Every structure is written in C-alpha cells, then in structure tokens.
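Take a look at the letters that make up each chain.
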Amino acid sequence: MPELPEVETVRQGLAKWVTGRTIRTVEVHHPRAIRRHLPGDAHFIALLTGRTIVDVARRGKYLWFPLDSGDALIGHLGMSGQLLMQPADAEDEKHLRIRFTFTDDGPELRFVDQRTFGGLSLSEGGAELPDEIAHIARDPMDPLFDDEAFVARLRGKHTEIKRALLDQTLISGVGNIYADEALWRAQLHGARPTDQLTRPAVRRLLAHVRDVLGEAIVAGGTSFDELYVNVNGESGYFDRALNAYGREGEPCHRCGTPIRREQFMNRSSFSCPRCQPRPRTIRH
Ligand SMILES: [Zn+2]
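The rules behind these values
- For every chain, the first residue of its written sequence is number 1, and the numbers climb from 1 along that sequence.
- At least 70 in pLDDT is required for a residue's local features to be given in this predicted model, at least 80 for side-chain atom pairs to be given and counted, and no such filter applies to totals for whole chains, interfaces and linings, which use all residues.
- Calculation of side-chain values draws on the structure's entire complement of heavy atoms; hydrogens and water are dropped beforehand.
- Only N, O and S atoms count as donors, using a 2.8 Å cut-off from the metal and 3.2 Å for Na, K and Ca, and because water is excluded some sites may appear unfinished.
- All geometry calls rest on donor angles, where a four-donor set with angles between 85 and 135 degrees is tetrahedral, four- and six-donor sets with opposite donors more than 155 degrees apart and all others between 65 and 115 are square planar and octahedral, and all else is irregular.
- Counting from the N terminus, the helices are DSSP H or I runs at least four residues long and the strands are E runs at least two residues long.
- Buried residues are those whose accessible area, probed at 1.4 Å on protein chains only, stays under 20% of the maximum for their type, while exposed residues exceed 50% and partly exposed ones sit between those limits.
- The set of buried Ala, Val, Leu, Ile, Met, Phe, Trp, Tyr and Cys residues whose side-chain atoms join them within 4.5 Å is what this entry labels a nonpolar core.
- A contact between two residues is defined here by any heavy atoms of the two lying within 4.5 Å.
- When DSSP finds at least two bridges between two strands, those strands are taken to pair.
- Note on definitions: angles span 0 to 180 degrees between N-to-C directions of axes, and those axes are lines fitted to C-alpha atoms, for helices only across the stretch in contact.
- Each domain's extent was defined by an automatic or database domain assignment.
- Think of it as the arc spanned by the lines of direction from the helix axis to the C-beta atoms.
- UniProt positions are given in the numbering used here, feature names are shortened, and annotations may be inferred rather than shown by experiment.

**Q** Go over the coordination of the zinc ion, please, and point to the residues and values.
**A** Around the zinc ion, the protein contributes the donor atoms Cys 252 (SG), Cys 255 (SG), Cys 272 (SG) and Cys 275 (SG), at 2.2 to 2.4 Å from the metal centre. For the zinc ion, the four donor atoms in the first shell make angles of 99 to 117 degrees at the metal, so the coordination geometry reads as tetrahedral. All donors to the zinc ion come from one chain, and their sequence spacing reads C-x2-C-x16-C-x2-C. Note that Cys 252 is positioned in the loop between helix H7 (236-241) and strand S9 (260-264) and Cys 275 in the segment after strand S10 (267-271), a separation of 23 residues in sequence. The pair formed by Cys 252 and Cys 275 is uniform in burial state, with each residue classed as buried.

Here it is, written out as structure tokens:
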C-alpha cells in the first residue's frame, strides 16, 4: 500500500506532466473506479472535459488536481492504484480504468487499478481543499504543520503512541512502515501511553518521523524525468534503509538483538526488544 513518500513522489511527477494542460476527453472504463463520485460518470465527465489542471496537491496520502473551474479531481490510490503518464499510442494497460487525453495531444493520464480499491472523484468547489479531505490532518512535511499543537494534542490523548501516529485526524501520512521506523529511531515501543510521554520525547519522535519520511521522499524521487510515473507501494528506500519493519529475527542495527514482530491491530509491528522495551504499565 503506498504511503506518503510514494504518493509525494507521484505528486511531484504528475505536477510536472499535467500542470497547465487542458483535458480534451475523459473515458471511464469501469464504474467502480468512480464509485465515490455519487452523481455518476456523465456528471464526472462533463465537469472535467475542457478544464485545465492548475496544480497537483496532496494531503497525507490523498492527491487532488485543482482545476481552473474551482473544482478538483481527487485521486485515491487504495491498495494498487496507479496514475500513469503514457504516450497516446502506448497499449492500454490490462486494468486501465480511466483515461484522460489532453488538447495538446501529449501524453495521456491513465488511472490503472488492478484491485479497484482506489478511484477518482470530483469535488465541486474543492480546488483549494476538497471537503472530502478536510478532516485529514496536515502531514509533518507540510510547511503549515503545527508542531506544538501536535505535541499538546498527542499528550492529551489516552492511547498508545503507535495508534496516535496512525490517527489521520492527528497527523496524516504516517503508515505502519514509517511508524515502526520512527519508533525504532526514537527508541520507543509503540504501546507506550501517549499521556506519559514528555514534551521533549514527543518532539524528538516527531523529528524522527520527519527524517524517515524525508529520506524516503528523496530516495523515491530519483526518477522524476521518466515519463512513466508509477506507484507500486515500494521505493528504493525500502531495500536499503529499513531498521525495523519486516526484519523479524534479524539483528538490530543499533544493538544486535534480533528484531521482534508483534501483532498490532490486524497488522504487525516490528521493534527491538532491547532498544524499545515494552511499557510496564497495564493498558486500560
Ligand atoms: Zn536494538
């Protein structure tokens, strides 16, 4: 599943290829891909045809394309969604769901999604910030993210630190992988109660979250010049730099203790038993 760094890489690539271009045609090949657009495909197509894309924006893992009409095209990548730039004569992808052509006859924008958990929708009047996305908190790479407000809100919650990092209304864009990596760097177990963390400890953790995401964006952003903008939930970062996630039984890069895997919600958490001891307090 793509996380913030992958989505940011896609955003930067798309911004370069679609900004300032005017949509000539929209083809919806599969109704499920626009199921979130309740007025249906004719409405979707009518509001997009002839419009110029003025930017590509992101909040957390959500992308949107502000249009010159004041509306916005929203993209949810889901598990397997891809927004690809392709030459018009390139063969259709097997799972092509939506195609946009442009008045300049340049590369097409194609939404391809094998599992169709993702999709596109249109937000009327949503160019600045679509209502559908407004409940999602800013991500820590956003220049307007308020560090001190985050520290205060997090410490006011009676929850576990990893749950707080995954809470999209508190901080967005931090998925399971990057939460585990930031917690490893901060030497905190994910079950530590947020109301028992000091302000400096939360600030330190936030700095690690930012570092992990920033490094991943840099690592994933090395191929912007390629026409083919791809999201597959992986980036070069994954191979080289993971310290905790997916490393069960392998030695901790700090102390050599084998990394442990624990059940967390319906997923897994990876941590070092020595660097990140479980909290002693009983959860209530
Ligand atoms: Zn360790």
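From this point, the narrative continues.
**Q** Quick one: what's the story with the nonpolar core, residue by residue and with numbers?
**A** Phe 150, Leu 154, Val 174 and Leu 205 are the most contacted members of the largest nonpolar core, which has 31 residues in total. Those elements that place two or more of their residues in this core are helix H3 (147-155), helix H4 (161-165), helix H5 (176-186) and helix H6 (199-220). The element contributing the most residues to this core is H6, with nine residues. Setting aside chain neighbours within four positions, we find Val 174 in contact with Glu 3, Leu 165, Leu 166, Gln 168, Ala 179, Val 209 and Leu 213. Of all hydrophobic cores here, the second largest spans 28 residues; its members include Leu 14, Leu 63, Leu 67 and Leu 122.

**Q** Any chance you could break down the sheet that holds strand S3 (residues 62-66) for me, citing the residues and the numbers?
**A** One open sheet holds the four strands; their spatial order is S2-S3-S4-S8, and the pairing between them is antiparallel. Strands with a single pairing partner mark the edges of an open sheet, and in this sheet they are strand S2 (57-59) and strand S8 (119-123). Direction aside, neighbouring strands of the sheet carry axes that sit 25 degrees apart on average. Across five bridges, the pairing between strand S4 (residues 72-76) and S8 is antiparallel. If you follow Ile 74 over to S8, its bridge partner there is Ser 121. Docked against the sheet, helix H1 (residues 4-18) engages S2 and S3, running at close to 15 degrees with respect to S3. Contacts from helix H2 (residues 41-48) reach S4 and S8, with the element oriented near 65 degrees to S8.

**Q** Would you mind going over the domain arrangement of the chain in detail, with residue names and values included?
**A** As far as domains go, the chain holds domain 1 (4-133) and domain 2 (147-271). Centre-to-centre separation of domain 1 and domain 2, based on C-alpha positions: 29 Å.

**Q** Explain H2 to me, using residue names and the numbers behind them.
**A** Within the sequence span of H2, burial applies to Phe 44, Leu 47 and Leu 48. Taken down its axis, H2 places every buried residue within 95 degrees of arc, on the same side. Along H2, exposed side chains directed more than 90 degrees from the buried face belong to Ala 42 and Ala 46. Taken together, the buried residues of H2 touch strand S1 (23-28), S4, strand S6 (96-102) and S8.

**Q** Which residues make up the UniProt feature "binding site: DNA" (unreviewed entry) in the chain, and what are the values?
**A** Those places that UniProt annotates as "binding site: DNA" (unreviewed entry) correspond, in this numbering, to His 95, Arg 115 and Lys 157. Spanning 63 residues, the named residues are also spread out in space, since their farthest C-alpha pair is 42.4 Å apart. Among the secondary structure elements, His 95 is positioned in the loop between strand S5 (81-86) and S6. Excluding residues within four positions of it along the chain, His 95 makes contact with Phe 111, Val 112, Asp 113 and Gln 114. Position of Lys 157 among the secondary structure elements: in the loop between H3 and H4. With residues up to four places along the chain from it excluded, the contact list for Lys 157 reads Asp 167, Leu 170, Thr 194 and Asp 195.

**Q** How would you explain unusual backbone geometry if you had to name every residue and give the values?
**A** A positive phi angle, near 55 degrees, is found at Gln 187, a position not held by glycine. By the secondary structure assignment, Gln 187 is in the loop between H5 and H6. Positive phi values are uncommon outside glycine, yet Met 265 reaches one of about 50 degrees. On the secondary structure map, Met 265 appears in the loop between S9 and S10. With a relative accessible area of 49%, Met 265 lands in the partly exposed category.

**Q** Hey, could you go over the pairing of S6 for me, with residue numbers and the actual values?
**A** Taken across its seven residues, S6 has seven buried, putting it largely inside the fold. Bridge count for S1 against S6 is five bridges, and the pairing is antiparallel. Bridging across to S6, Ile 23 finds its partner in Phe 102. Bridge count between S6 and strand S7 (residues 108-113): four bridges; the pairing is antiparallel. Among the inter-strand pairings, Arg 99 is bridged to a residue of S7, identified as Arg 110. With antiparallel pairing between neighbouring strands as the criterion, S6 and S7 make up a hairpin whose turn holds five residues, including Asp 105 at a positive phi of roughly 60 degrees.

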